[in-house]
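Letter by letter, the chains look like this.
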Amino acid sequence: MTPSIDTFGFAEEKRIQESADAILAQFREDVDDLICAHLENISDSSVRYRVAGYFADFLEEAFGATDDANTIRSEERTAYMDALTDEEEKEAVRRHPW
């Protein structure tokens, strides 16, 4: 039994789609790594929080990655609030060291 032309066409289309999916997955991983590297380089918590919001918006718009975007927002919001709390505690100790 010889394969028909349609069978060859479907096999080629499937191979192309698998290759495209692999390339897109690698690109997405590269983007995630780049975002993490940039966020790690930002020392000011308020700047980092704002930039994380931009990155989260990008992930939603470019990839439809709502869960990842929400995770970034949540983690950075927590880190930002922790930094604010730390600053408030330092200020309180400075004003009343006893």
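Parameters at a glance
- Residues numbered from 1 in each chain as written.
- Predicted model: local features only at pLDDT ≥ 70, side-chain atom pairs only at ≥ 80, totals over all residues.
- Heavy atoms only, no water.
- Phe/Tyr/Trp six-rings, centres within 6.5 Å; stacked < 30°, edge-to-face > 60°.
- Helix = DSSP H or I, 4+ residues; strand = E, 2+ residues; numbered from the N terminus.
- Buried < 20%, exposed > 50% of the residue type's maximum accessible area, 1.4 Å probe, protein only.
- Core = buried A, V, L, I, M, F, W, Y, C linked by side-chain atoms within 4.5 Å.
- Contact = heavy atoms within 4.5 Å.
- Patch = residues over 30% accessible without salt bridge, like charges linked within 9 Å, V, L, I, M, F, W, Y side chains within 5 Å.
- Areas by Shrake-Rupley, 256 points an atom, 1.4 Å probe, with all protein chains shown as cover.
- Salt bridge = Lys/Arg side-chain N within 4 Å of Asp/Glu carboxyl O.
- Lys, Arg positive; Asp, Glu negative; His and termini not counted.
- Charge placed at Lys NZ, Arg CZ, Asp CG, Glu CD.

### Notes on the packing of aromatic side chains
Counting across every chain of the model gives three aromatic pairs. Aromatic side chains F27 and F63 sit 5.9 Å apart centroid to centroid with 50° between the ring planes, which places their arrangement in the tilted category. Within this pair, whereas F27 is found in helix α1 (residues 5–40), its partner F63 is found in helix α2 (residues 45–63), the two being separated by 36 residues in sequence. When its relative accessible area of 29% is taken as the criterion, F63 is described as partly exposed.

### Quick word on the nonpolar core
Counting ten residues, the largest nonpolar core is built from V31, I35, L39, I42, A52, A56, L59, A65, A69 and I72. Where this core is concerned, the elements lending two or more residues are α1, α2 and α3 (66–95). Leave out the neighbours within four places in its chain, and A69 touches A56 and E60.

### Some words on the side chain of E76
Positionally, E76 belongs in helix α3. Here E76 falls in the buried class, since its relative accessible area comes to 8%. Setting aside anything within four residues of it in sequence, one finds E76 in contact with L39, R48, Y49 and A52.

### Focus on a negative patch on the surface
Together, D82, D86, E88 and E89 make up a region of like negative charge exposed at the surface. Relative to the helices and strands, D82 is located in helix α3. Exposure remark for D82: the relative accessible area of 45% places this residue in the partly exposed category.

### Here we look at the pattern of salt bridges
Evaluation of the coordinates by the stated rule reveals nine salt bridges. As a salt-bridge pair, R73 and D57 come within 2.4 Å of each other at their nearest N and O atoms. Taken together, the residues span a long stretch of sequence, with R73 in helix α3 and D57 in helix α2 at a distance of 16 residues. A relative accessible area of 34% places D57 in the partly exposed class. In this structure, the salt-bridge partner of R95 is E91, at a minimum N-O distance of 2.8 Å. Residue R95 and its partner E91 are located together in helix α3, separated by four residues, close to a single helical turn. According to the relative accessible area criterion, R95 is exposed, its value standing at 55%. For E91, a relative accessible area of 29% corresponds to the partly exposed category. Here the residues in one salt-bridge network are R28, D32 and D68, joined through shared partners.

Spatial relationships are all this shows, so hold off on functional conclusions.
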